[in-house]
Amino acid sequence: MVFPKDFLWGAATASYQIEGGGLTDGRGECIWHRFSHTPGNVVNGDTGDVACDHYHRYREDVALMKELGLKAYRFSTSWPRVLPNGIGQINRAGIDFYSRLVDELLEADIRPFITLYHWDLPQALQDKGGWENPDSVKWFGDYAGVMANALGDRITDWTTLNEPFVISFVGNFFGTHAPGKQDIKAAYLVAHHLMLAHGAAVPVIRQAVPNARVGITIDLGYFESPTDNEADVQAAYREDGFKNRWFLDAALKGQYPADIVALLGDILEDIDLAAVKSAAVPVDFLGINYYRRHLFVAGSDGLFSSKDVEPDGSEFTAMGWEIYPDGLRKLLVRVAEEYKPPVIYVTENGAAFDDPPPAQGVVNDPRRAAYLRDHFAAASQAIEQGVPLKGYFVWSLLDNFEWAEGYNKRFGIIYVDYATQKRTFKSSARYYQQLISEQLR
Ligand code: FCB
């Protein structure tokens, strides 16, 4: 595989998953703090109170990035660290932390890619209805303005939201993520306000940061049917509409997919669907997070009359997710053709495996290295097919707090011993380091 010389080799993390630091230095409570401190929500009762203690160890972590040879680093900012109540009073200590982090990255010649929302909504705003409240559009725009004014002199690459599907549906319909609701109408309302909030924040960022490049990250799965039977193909397409097209069409076409709107009927009755036009502000890039394929056939289950099926003979990660690299290529090609974003980044891709503990200074994780290699190869084929893919962020730099799975699932290319906070390169990190240096030679 050959990538362009200016390809951005990166890694990604998210605030609540790595920072720790509890509620010190004025950080307000976020919905994940509340959710993880409520018994029964997270495996082993784990919380993000300490996580990777990145809040105190960011210098060491940037040094590891530099050793890896990373060109770019995607991180998110904790909204309640900066605005403890979500709106109003700014917490200087919070801004200062991100400011020091950005300086450290620039010093190491690593380009900072900031994401404003990776799921840690201030609890104070959740208490007012959170993303179900139409005011959330303004709350988010104001927060974006605070961050853009504070860091816009040094950051050019801005992402509004990470994974609107997961925020709305996993948090408000499946209920396995914060805030833990199981209400489909609420989930669609949240999804709608998220799209409007994205549309509102983009011009705010551009106003404060004239050279900003602004985008959004959408999580896409590759959906298909294992048969050529028309009913099965249609069922897979409906599932694709539920997860992928709902958000792609909103953010890039300013409308919701008519086939899905029709199926949802009354569920959408309280939503002014046409308002989603304002979500389709032109973006400078689209971020895609890709992990897996989903197979569906026609069935009688749920809203979409479909049934998921287990793939035959595939390999799976420790999350139980099928390993299917060619899905990444196919999605990239499709999104480039149909939605024509000027630039695409893979803002997340990676895998959890049950890694052995460190031995002789390394963690041997050949399956993760192979996973990455095969997905990079798929990405390189997509570039050959004309996809404007300009960078790739491995999920994740460090083992971290994997949401409802707690510390039980490890996605890092760098191992974290949570008892001592010692970091150890896995062999996948060595593989990535080698690949980056070869590609840049
Ligand atoms: C994505 C999230 C990220 C991480 C990976 C495994 O959905 O954006 O925070 O949990 O999955």
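See the structure printed just above.
Residues numbered from 1 in each chain as written. Predicted model: local features only at pLDDT ≥ 70, side-chain atom pairs only at ≥ 80, totals over all residues. Heavy atoms only, no water.

Peer 1: Tell me about helix α8 (residues 164-172), and please be specific about residues and values.
Peer 2: α8 sits mainly inside the fold: nine of its nine residues count as buried. Among all positions of α8, only Pro-164, Phe-165, Val-166, Ile-167, Ser-168, Phe-169, Val-170, Gly-171 and Asn-172 are buried. Its buried side turned inward, α8 meets β3 (111-117), β4 (157-162), α9 (184-208), β5 (213-224) and α10 (230-253). (Buried < 20%, exposed > 50% of the residue type's maximum accessible area, 1.4 Å probe, protein only. Helix = DSSP H or I, 4+ residues; strand = E, 2+ residues; numbered from the N terminus. Contact = heavy atoms within 4.5 Å.)

Peer 1: Requested: an account of the side chain of Ser-36, with residues and values cited.
Peer 2: Take Ser-36: it is sitting in helix α2 (residues 31-36). At a separation of 3.1 Å, a polar atom in the side chain of Ser-36 contacts the side chain of Tyr-16. Each residue touching Ser-36, except ones within four places of it in the same chain, is listed here: Tyr-16, Val-42, Gly-45, Asp-46, Thr-47, Gly-48 and Phe-401. (Polar contact = N/O pair within 3.5 Å; in protein donor to acceptor, adjacent residues only side chain to side chain.)

Peer 1: Can you tell me about the pairing of β5, naming the residues and giving the values?
Peer 2: Judged by how many residues are buried, β5 sits mostly within the fold: 11 of 12 residues are covered. One ladder, built from four bridges, connects β4 with β5; its direction is parallel. Across the sheet, the residue bridging to Asn-162 is Thr-217, located in β5. Where β5 meets strand β6 (residues 285-301), nine bridges bridge the pair, whose relative direction is parallel. The residue of β6 that forms the bridge with Phe-223 is His-294. (Pairing = 2+ DSSP bridges.)

Peer 1: Mind laying out the side chain of Thr-115, listing which residues take part and the relevant values?
Peer 2: Tracing the chain through its elements places Thr-115 in strand β3. Judged by relative accessible area, Thr-115 falls into the buried class, the value being 1%. Look past the residues within four positions of Thr-115 in its chain and what remains in contact with it is Arg-74, Phe-75, Ser-76, Thr-77, Thr-159, Thr-160, Leu-161 and Asn-162.

Peer 1: Break down the state of the cysteines for me, citing the residues and quoting the values.
Peer 2: Across all of its chains, the model carries zero disulfides by this definition. Here Cys-30 is not cross-linked by a disulfide; its sulfur's nearest cysteine counterpart is in Cys-52, at 15 Å. Judged by its relative accessible area of 0%, Cys-52 falls in the buried class. (Disulfide = S-S within 2.5 Å.)

Peer 1: Which residues make up the site of the ligand, and what are the values?
Peer 2: For the ligand, the full set of nearby residues is Gln-17, His-118, Trp-119, Asn-162, Glu-163, Tyr-291, Glu-348, Trp-395, Glu-402, Trp-403 and Phe-411. In the environment of the ligand, an oxygen atom lies 2.7 Å from a nitrogen or oxygen atom belonging to the side chain of Gln-17. The separation between an oxygen atom of the ligand and a polar side-chain atom of Asn-162 is 3.0 Å. Summarising the interface, the protein chains cover 95% of the accessible area of the ligand, which totals 290 Å² for the free molecule. Here the shell around the ligand is built from residues that sort into five nonpolar, three polar and three charged. (Near = heavy atom within 4 Å. Areas by Shrake-Rupley, 256 points an atom, 1.4 Å probe, with all protein chains shown as cover. Nonpolar A, V, L, I, M, F, W, Y, C, P; charged D, E, K, R; others polar.)

Peer 1: So what's going on with the packing of aromatic side chains? Which residues, and what values?
Peer 2: Scanning the entire structure with this criterion turns up 49 aromatic pairs. Arranged with centres 6.2 Å apart and planes meeting at 90°, the rings of Trp-79 and Tyr-117 form a pair that is edge-to-face. On the criterion of sequence distance, the pair formed by Trp-79 in helix α4 (residues 79-82) and Tyr-117 in strand β3 is long-range, its members being 38 residues apart. Residue Trp-79 is classed as buried on the basis of its relative accessible area of 1%. Ring pairs connect the aromatic residues Phe-165, Phe-169, Phe-173, Phe-174, Tyr-188, Phe-242, Trp-246, Phe-247, Tyr-256 and Phe-304, which therefore count as one cluster. Sitting above the plane of the Tyr-324 ring, Arg-293 keeps its charged end 4.0 Å from the centroid. (Phe/Tyr/Trp six-rings, centres within 6.5 Å; stacked < 30°, edge-to-face > 60°. Lys NZ or Arg CZ within 6 Å of the ring centre and 35° of its normal.)

Peer 1: Which residues make up the packing of helix α13 (residues 366-384) against helix α14 (residues 427-440), and what are the values?
Peer 2: Where α13 contacts α14, the two axes come as close as 7 Å, and the packing angle between them is 35°. Of the residues in α14, those in contact with Pro-366, Arg-368, Ala-369, Leu-372, Arg-373 and Phe-376 of α13 are Ser-427, Ser-428, Tyr-431, Tyr-432 and Leu-435. Here the contact of α13 with α14 is composed, by residue class, of seven nonpolar, two polar and two charged. (Axes fitted to C-alpha atoms, helices over the stretch in contact; angles between N-to-C directions.)

Peer 1: Explain unusual backbone geometry to me, and be specific about the residues and the numbers.
Peer 2: Each neighbour pair has its own omega, and for Ala-178 with Pro-179 the value is 5°, a cis peptide bond. For Pro-179, the location among the structural elements is in the loop between α8 and α9. Put simply, Trp-395 and Ser-396 share a cis peptide bond, and its omega is 10°. Residue placement: Ser-396 occurs in the loop between β9 (389-395) and β10 (414-417). Even without glycine at this site, Asp-53 takes up a positive phi of about 50°. Secondary-structure assignment places Asp-53 in the loop between α2 and α3 (54-68). Asp-53 sits in the buried class, given a relative accessible area of 13%.

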